[in-house]
Amino acid sequence: MKQQKLVYQSGSLNLEGRLAIPSRAGAAAGVVLCHPHPLFGGTMNNNVISAVSRALVEKGIATLCFNFRGVGQSEGSYDNGRGEADDARAAVSFLAGREEIDSSRLGLAGYSFGGAIALLAGMEDDTVKAVAAVSPAGLPEFGRAKPRLVVCGTWDSQIPVSKILQEEERISGGGAGTVEIVEGADHFWRGYEAVLADLVVTFFLRHLVNSAATPNRPN
């Protein structure tokens, strides 16, 4: 695995990121990872983001982790989700332009606040072929039948599993989406990182690696 610290642009802002490339020949599929809430200590070094990144790279999928505006060395300040969605879109565009990456096989994922941002930014971006959200802090309108995964824990006090299950039919979108419930996990996923990462990796292997990317269709 090759890791590289980098800077990419979101509008006029310079944001810091970390690109991890698997040690395999040929252009790799890639996934952008969005961290938890900037105002509550969320960074690209979060335990969930780190665990998912490592697991993806081990299976041959490159990852781009980045800090939202105002976090770490990233310029700017918190923008109530609007600018952060732009940051995620810009990260996808940046990753798509890398020569090590197959731009036809890109995914977007996030955790908590980052999960909501990933769904918001990824569902309407044609460059993104699949979206995964872990304990997402919100759910957008799902206007397209794009593959999507929502994962939550039974002991999550911040994003109750009952709330996710109430939305399961809307998430599934006639078969486009999947909800996975992890028994015993809380919002912070301590001790359950490997279980969580396996679910996310399996999802992206299915939609970015083991089957050809297909055009997104209206629901």
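Residues numbered from 1 in each chain as written. Predicted model: local features only at pLDDT ≥ 70, side-chain atom pairs only at ≥ 80, totals over all residues. Heavy atoms only, no water.

## Some thoughts on the pairing of strand E6 (residues 128–134)
Piece 1. Within E6, 6 of the 7 residues are buried, leaving the element largely enclosed by the surrounding structure.
Piece 2. Alignment of strand E5 (residues 101–111) against E6, held across 6 bridges, turns out to be parallel. Looking at E6, one finds that Gly 110 is bridged to Ala 133.
Piece 3. The pairing of E6 with strand E7 (residues 148–153) spans 4 bridges and is classified as parallel. Looking across to E7, one finds that Ala 133 is bridged to Val 150. (Buried < 20%, exposed > 50% of the residue type's maximum accessible area, 1.4 Å probe, protein only. Helix = DSSP H or I, 4+ residues; strand = E, 2+ residues; numbered from the N terminus. Pairing = 2+ DSSP bridges.)

## A look at unusual backbone geometry
Piece 1. Phi angles above zero are rare outside glycine, and Asn 80 is one such case at about 55 degrees.
Piece 2. Positionally, Asn 80 belongs in the loop between strand E4 (62–66) and helix H2 (82–96).
Piece 3. Even without glycine at this site, Ser 135 takes up a positive phi of about 45 degrees.
Piece 4. With respect to the helices, strands and loops of the structure, Ser 135 is situated in the loop between E6 and E7.
Piece 5. Using a relative accessible area of 0% as the deciding quantity, one classes Ser 135 as buried.

## Some details on the sheet that holds strand E8 (residues 177–182)
Piece 1. Taken in spatial order, the 8 strands line up as E1-E2-E4-E3-E5-E6-E7-E8 in an open sheet, and their pairing is mixed. Taken across any chain shown, the strands that pair with only one partner, and hence form the sheet edges, are strand E1 (2–10) and E8. Strand-to-strand twist of the sheet, defined as the mean angle between neighbouring strand axes without regard to direction, takes the value 20 degrees.
Piece 2. Pairing of strand E3 (residues 28–34) with E5 involves 6 bridges; the strand directions are parallel. (Axes fitted to C-alpha atoms, helices over the stretch in contact; angles between N-to-C directions.)

## Re the packing of aromatic side chains
Piece 1. Under the defined criterion, the tally for this structure stands at 6 aromatic pairs.
Piece 2. Measuring from centroid to centroid gives 5.8 Å for Tyr 8 and Phe 94, while their planes differ by 35 degrees, and the two rings are tilted. Of the two residues, Tyr 8 is situated in strand E1 and Phe 94 in helix H2; the sequence distance between them amounts to 86 residues.
Piece 3. Between the aromatic rings of Phe 203 and Phe 204, the centroid separation amounts to 5.1 Å while the plane-to-plane angle is 65 degrees, which identifies the pairing as edge-to-face.
Piece 4. According to the relative accessible area criterion, Phe 203 is buried, its value standing at 3%. (Phe/Tyr/Trp six-rings, centres within 6.5 Å; stacked < 30°, edge-to-face > 60°.)

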